[in-house]
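Below are the chains, spelled out letter by letter.
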Amino acid sequence: MAGNAWRSMLSQVGGATKPALSAAFSRRGMQTVTLIPGDGIGPEISAAVMKIFEAAKAPIQWEEKNVTAIKGPGGRWMIPSDAKESMDRSKIGLKGPLKTPIAAGHPSMNLLLRKTFDLYANVRPCVSIEGYKTPYTDVNLVTIRENTEGEYSGIEHLIVDGVVQSIKLITEDASRRIAEYAFEYARNNQRSSVTAVHKANIMRMSDGLFLRKCREVAENYKDIKFTEMYLDTVCLNMVQDPTQFDVLVMPNLYGDILSDLCAGLIGGLGVTPSGNIGANGVAIFESVHGTAPDIAGLDMANPTALLLSAVMMLRHMGLHELGSKIQMACFDTIRDKKVLTKDLGGNSKCSEFTDDICRRIQDM
Amino acid sequence: MTARSVQSLSGALKLVFSHRLTRVNGAATCTQRHKSFYAPPPARYGGRHTVTLIPGDGIGPELSKHVCELFRFCCVPVDFEVVNVDSTKDSEDDINNAIMAIRRNGVALKGNIETNHNLPPSYKSRNNLLRTTLDLYANVMHCQSLPGVRTRHTNIDIMIIRENTEGEYSSLEHENVPGVVECLKIITRTKSLRIADYAFQTARASGRRRVTAVHKANIMKLADGLFLECCKEVASGYPEITFDSMIVDNTTMQLVSRPQQFDVMVMPNLYGNVVSNVCAGLVGGPGLVPGANYGTDYAVFETGTRNTGKSIANSNTANPTAMLLASCLLLDHLKLHAYASMLRRAILSTVSETRLHTADLGGHGSTSEVVRSVMNAVQSTGPLTLSI
């Protein structure tokens, strides 16, 4: 059922970067991962994940870094150079939620990270969690969202007083890149079809270009079924029958909306993993929920999202067995319903939840 | 008729028609703001209204035929002027004729006209052309859980008001550098104020307590920021209605987990597309929800999710409920409330009969069976009808 689906589906995330990883392992068998705890509940859930990994004896060496923006030479905002170096070296990152300050003068941290490492693909596998009931069961799909351009280019102008134009940018290169990644992912993870989501009936040139590139790339992957569907049809069908979808690839805005819609189907951002793949083999896995400042420091946070993202990371690194072990422990704890955190319907502490998972891992 | 002469003719008609409006129905030129003074387009020919009917593609023609049948059966004083729009033709004559007919009659019922998205950008979406030319600025979709339809969520009652003429659907695209396409999303103050005002007016008129603006102003700070600002401005004039806002991705997440929290939602064009389709899916699918497009002078009614239903065309399996309910909205617009309620009652009682459910609701019923059942329901309530 959903458990098996998780196991088989998350088997090998991010096929394109496998060769580089075996090299990183040769050094003492320990893989360095840059850990960015984040703000709000970030530090607690990162600590929880580290504890669970320790219990599982994972060969991971964490390098904690802070990514608060600093002003570099030339006045451009950038992340601290030691954080950048660490990430370039380790190529793998795990990130907690980052606060977007309103009036700090610099762009959002997530945006900065994205630009620094050219994280062009956002991958969100959405699979129903056994034990956490939602009106939708048997969801098993992956949304792959182009993360660098599209509607979120941030190019806006005030034409005259009262008229604003916002520019949506679609380029051939970015569209081809994301399409290639989507098909590669589908092939490496034994997914049978890729659906391009678009609105080319209205945005003929931009979404038309995106579609054309997807079609071109589909020619090289004849073993995978390629379909195209309008955004509104996808939304309509998604809420009625999500089982008909497999891998979805789309530009930025549609990806944002659809990936959150799918997260809502399986239970929300508190249980959804997410990975960002970059151009130079960099991959940053993150939890996509907010910083939840109201419960920060109160030991009430739910580390599931960050934990599942970390499992995604393990699979990306080739440590499938370990990933499955930790994942199974997490799901068993949720299915048991004895020590659930508040957002999952229980009233246990984060530390209790974490300890339960650690215990299960040690017992395995 | 050449395109040029059509344009000049439509221009002349507009001049004549708008003159008439100001003379005969001075109040009709006011915006929907003063709903109590609003008068429908003047009926002609002895109390019978003329309504433009655009069958469209896919399931449009068969559903339009059923509407005509039903109206004739119930002796509704509406005559349809059918204008066919051929979506395969390159020239815009057909859609211009349709627009002219709507200007003449003031109100229309339409099926969706297909847009082949593989054609070059010079071929504009016919539906979009219609909406923008007639300035049908408000798309209203009322999603309600219907009795007898099994869905994952119950008790949904959301009114979605979507800006219909600008935003991402401005069709302004260009390729400055080969391989780089820019698409403009336009948000203006006037249109945002107008749609916000419409939303609050509708909320007040239907006794609803809460209006939620859906946006993405954290990313599109200027564009959606302007929209949000306009909504807030309008909200200050309606102290009895609670106003809040929500980011679009959070909105979709909330909709699939707890849709009962929403009341009236107002949003720009693209988010409206997403949200209205999500809500339609939540209440049972595209076959159940009617949609209405209102402008200052014209109104066009259609199915809410605007699907052509190409794959099920002419198979007698389409669900006619959405189109029939749209025709009830049409009757309400024409102030033929008695007919509207009679038909609506009959349609809703048919929908609650599970054995008549069409394929989209999980049953095996056919379109004609559903329409026949509606006719029976109308006849059994007693008013004068033709014989079946």
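Going by the annotation in an unreviewed UniProt entry, the name recorded for chain B is Isocitrate dehydrogenase [NAD] subunit, mitochondrial, with Eleginops maclovinus given as the source organism. As recorded by UniProt, the Subcellular location (unreviewed entry) comment attached to chain B reads in full: "Mitochondrion".

Naming follows an unreviewed UniProt entry, where chain A appears as Isocitrate dehydrogenase [NAD] subunit, mitochondrial of Eleginops maclovinus. Check the Subcellular location (unreviewed entry) section of the UniProt entry for chain A; it says "Mitochondrion". According to UniProt, the comment filed for chain A under the heading Sequence similarities (unreviewed entry) is "Belongs to the isocitrate and isopropylmalate dehydrogenases family."

Caption draft 1: Spatial organisation of the overall build of chain B. Scanning chain B from N- to C-terminus turns up eleven helices and twelve strands. Scored against the burial criterion, the 388 residues of chain B give a buried share of 58%. Taking the intrachain contacts of chain B between residues at least 6 apart in sequence as the baseline, contacts between residues at least 24 apart amount to 75%. Counting every atom, chain B has about 15,400 Å² of accessible surface; 54% of that belongs to carbon and sulfur.

Caption draft 2: Examining the environment of Thr-252 of chain B more closely. Residue placement: Thr-252 of chain B occurs in helix H7 (residues 248-257). Assessed through its relative accessible area of 0%, Thr-252 of chain B is described here as buried. Each C-alpha atom, one on Thr-252 of chain B and one on Ser-311 of chain B, is 27 Å from the other, the two residues being 59 residues apart in sequence. For Thr-252 of chain B, the contacting residues outside a window of four places in its chain are Ile-257, Asp-260 and Leu-261 of chain A together with Val-274 and Val-278 of chain B.

Caption draft 3: The sheet that holds strand S4 (residues 138-144) of chain B, seen in detail. Residue and element names in this part refer to chain B. Spatially, ten strands are ordered S2-S1-S3-S12-S11-S4-S5-S10-S8-S9 in an open sheet, and the strand pairing comes out mixed. Edge positions in the sheet fall to strand S2 (78-82) and strand S9 (242-247), since each of these pairs with one other strand and no more. Strand-to-strand twist of the sheet, defined as the mean angle between neighbouring strand axes without regard to direction, takes the value 25°. Inspection of the sheet shows strand S11 (residues 290-294) paired to strand S12 (residues 299-303) by five bridges, in the antiparallel sense.

Caption draft 4: Fine view of the interface of chain A and chain B. Taken together, the contact pairs 50 residues of chain A with 57 residues of chain B. Together, the buried faces of chain A and chain B total about 4,400 Å²; carbon and sulfur atoms form 65% of this surface. Linking chain A to chain B there are one salt bridge. For Asp-256 of chain A, the salt bridge goes to Lys-216 of chain B, with nearest N and O atoms at 2.7 Å. Scanning the region where chain A abuts chain B turns up 24 residue pairs in polar contact (both at pLDDT 80 or more). Of all the secondary structure elements, the ones that give two or more residues to the side of chain A that touches chain B are strand S8 (150-160), strand S9 (163-171), helix H7 (204-219), strand S11 (225-230), helix H8 (231-240) and helix H9 (252-266) of chain A. Of the residues in the side of chain A that touches chain B, the class split is 28 nonpolar, eleven polar and eleven charged. Here S9 of chain A pairs with strand S7 (residues 180-188) of chain B via nine bridges, running antiparallel. In the strand pairing of S7 of chain B, Ile-167 of chain A is matched with Leu-184 of chain B.

Caption draft 5: Main features of the confidence of the model for chain A. All names here are of chain A. Per-residue confidence for chain A gives a mean pLDDT of 87; residues scoring 70 or more make up 91%. In the model, residues 7-12 has pLDDT below 50 throughout and makes 25 contacts with residues more than four positions away in sequence or in other chains. Per-residue pLDDT stays below 50 along residues 14-27; that stretch engages in 20 contacts with residues further than four places along the chain or on separate chains.

Caption draft 6: Region of interest: the sheet that holds strand S2 (residues 60-64) of chain A. All names here are of chain A. Read from one edge of the open sheet, ten strands run S2-S1-S5-S14-S13-S6-S7-S12-S10-S11, paired in mixed fashion. Whereas interior strands pair on both sides, the edge strands pair on one side only; in this sheet they are S2 and S11. In this sheet, adjacent strand axes meet at a mean angle of 25° when their direction is disregarded. Where strand S6 (residues 119-127) lies against strand S7 (residues 140-146), seven bridges are found, and the strand directions are antiparallel. Bridge assignment links Cys-126 to a residue of S7, and that residue is Leu-141. This element, helix H6 (residues 172-188), spans S6, S7, strand S10 (193-198), S11, strand S12 (247-250) and strand S13 (273-278) of the sheet and lies at about 160° to S7. Its contacts with the sheet put helix H10 (residues 304-316) on strand S1 (31-36), S2, strand S5 (92-95), S6, S13 and strand S14 (283-287), and the angle it makes with S14 is roughly 160°.

Caption draft 7: Geometry of the pairing of S11 of chain B. Residue and element names in this part refer to chain B. Across the five residues that make up S11, a large majority, five, are buried. On S11, burial covers both faces: Pro-290, Ala-292 and Tyr-294 on one face and Gly-291 and Asn-293 on the other are all buried. Across four bridges, the pairing between S4 and S11 is antiparallel. Directly across from Asn-139, in S11, lies its bridge partner Asn-293. With antiparallel pairing between neighbouring strands as the criterion, S11 and S12 make up a hairpin whose turn holds four residues.

Caption draft 8: Structural view of the packing of aromatic side chains. Going through the model one piece at a time under the given rule, you end up with eleven aromatic pairs over all chains. Measuring from ring centre to ring centre gives 6.2 Å for Tyr-120 of chain A and Tyr-181 of chain A, while their planes differ by 90°; the resulting arrangement is edge-to-face. Here the residue Tyr-120 of chain A occupies a position in strand S6, and Tyr-181 of chain A occupies one in helix H6, the gap between them amounting to 61 residues. We classify Tyr-120 of chain A as buried; its relative accessible area is 10%. An aromatic cluster of at least three residues, connected via ring pairs, comprises Tyr-137, Tyr-198, Tyr-294 and Phe-301 of chain B. The ring centre of Tyr-230 of chain A lies 5.7 Å from the NZ or CZ of Lys-199 of chain A, which sits over that ring.

Caption draft 9: Region of the structure containing the confidence of the model for chain B. Of the residues in chain B, 88% reach a pLDDT of 70 or more, and the chain-wide mean stands at 88. Scoring the predicted complex yields pTM 0.87 and, for the interface, ipTM 0.86.

Conventions we followed
Residues numbered from 1 in each chain as written. Chains lettered and ligands numbered in written order. Predicted model: local features only at pLDDT ≥ 70, side-chain atom pairs only at ≥ 80, totals over all residues. Heavy atoms only, no water. UniProt positions renumbered as here; feature names shortened; annotations may be inferred. Helix = DSSP H or I, 4+ residues; strand = E, 2+ residues; numbered from the N terminus. Buried < 20%, exposed > 50% of the residue type's maximum accessible area, 1.4 Å probe, protein only. Contact = heavy atoms within 4.5 Å. Areas by Shrake-Rupley, 256 points an atom, 1.4 Å probe, with all protein chains shown as cover. Pairing = 2+ DSSP bridges. Axes fitted to C-alpha atoms, helices over the stretch in contact; angles between N-to-C directions. Buried area = accessible area lost by both parts, 1.4 Å probe. Salt bridge = Lys/Arg side-chain N within 4 Å of Asp/Glu carboxyl O. Polar contact = N/O pair within 3.5 Å; in protein donor to acceptor, adjacent residues only side chain to side chain. Nonpolar A, V, L, I, M, F, W, Y, C, P; charged D, E, K, R; others polar. pLDDT = per-residue confidence, 0-100. Phe/Tyr/Trp six-rings, centres within 6.5 Å; stacked < 30°, edge-to-face > 60°. Lys NZ or Arg CZ within 6 Å of the ring centre and 35° of its normal.

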